[in-house]
Amino acid sequence: MTGLDIVNEIRKLAEEQPDFVYESNGRCQYTSGNNCCGCGVGQAILRLDPSKRFILEMIDGGGEKSFSSIASVFILSNDVYIKWISSFQRYQDHNNTWKDSVELADLNSYHGE
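Everything numeric in this text was worked out from a predicted model, so none of it was measured. (Residues numbered from 1 in each chain as written. Predicted model: local features only at pLDDT ≥ 70, side-chain atom pairs only at ≥ 80, totals over all residues. Heavy atoms only, no water.)

## Remarks on the overall build of the protein chain
Helix and strand counts for the protein chain stand at six helices and zero strands. The order of α-helices and β-strands along the protein chain, N terminus first, is α-α-α-α-α-α. Scored against the burial criterion, the 113 residues of the protein chain give a buried share of 47%. Per element, the accessible surface of the protein chain, about 5,700 Å² overall, is 50% carbon and sulfur. (Helix = DSSP H or I, 4+ residues; strand = E, 2+ residues; numbered from the N terminus. Buried < 20%, exposed > 50% of the residue type's maximum accessible area, 1.4 Å probe, protein only. Areas by Shrake-Rupley, 256 points an atom, 1.4 Å probe, with all protein chains shown as cover.)

Listed below in structure tokens is the structure:
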């Protein structure tokens, strides 16, 4: 799994549910949430590799973790897409729609395109 794989999967989620707002209550959960089965980053990772659920659940149980702090579990730590994924996560955690979160991440982060 690469950072680009995760970015592309997040984009697909945002296309499928552009108006979705993840309710983080100030704490992103990769595999659970008040109104869904996890944040966009967690859902993208699980779509790409369902076997990662256990790792994500352990991270959820260990306290809040930004994607940049756990990226090395899933992709190379120097992957150019970490900033984009982290930006998307930050925007979705502040009650932006997934569509808006993607657009904001595109404006504010290098995403390799």
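## Some remarks on the packing of aromatic side chains
This structure, assessed with the given rule, holds two aromatic pairs. Consider the rings of Phe 20 and Trp 98, whose centres lie 4.5 Å apart with planes at 55°: the pair is tilted. Separated by 78 residues along the polypeptide, Phe 20 in the loop between helix H1 (3-16) and helix H2 (40-48) and Trp 98 in helix H6 (residues 98-108) bring together distant segments of the chain. Take Phe 20: its relative accessible area is 15%, and that puts it in the buried class. Here the aromatic rings of Trp 84 and Phe 88 are separated by 6.0 Å at their centres, their planes lie at 5°, and the arrangement is stacked. Residue Trp 84 and its partner Phe 88 are located together in helix H5 (residues 82-93), separated by four residues, close to a single helical turn. Residue Trp 84 is classed as buried on the basis of its relative accessible area, which comes to 0%. If you follow Arg 90 out to its NZ or CZ, it ends over the ring of Tyr 91, 5.2 Å from the centre. (Phe/Tyr/Trp six-rings, centres within 6.5 Å; stacked < 30°, edge-to-face > 60°. Lys NZ or Arg CZ within 6 Å of the ring centre and 35° of its normal.)

## Let's talk about the confidence of the model for the protein chain
Predicted confidence across the protein chain gives a mean pLDDT of 82, with 82% of residues reaching 70 or more. For the protein chain, helix H4 (residues 67-74) is the element with the lowest average pLDDT, namely 74, and H6 is the one with the highest, namely 95. (pLDDT = per-residue confidence, 0-100.)

## Topic: H6
Three or four residues apart is the spacing at which side chains of an α-helix point the same way, because the helix has 3.6 residues per turn. Along H6, the residues that are buried comprise Trp 98, Ser 101, Val 102 and Ala 105. Projection of H6 onto a plane perpendicular to its axis shows the buried side chains occupying an angular sector of 100°, all on one side. Summarising the contacts, the buried residues of H6 are in contact with H1, H2 and H5. (Arc of directions from axis to C-beta. Contact = heavy atoms within 4.5 Å.)

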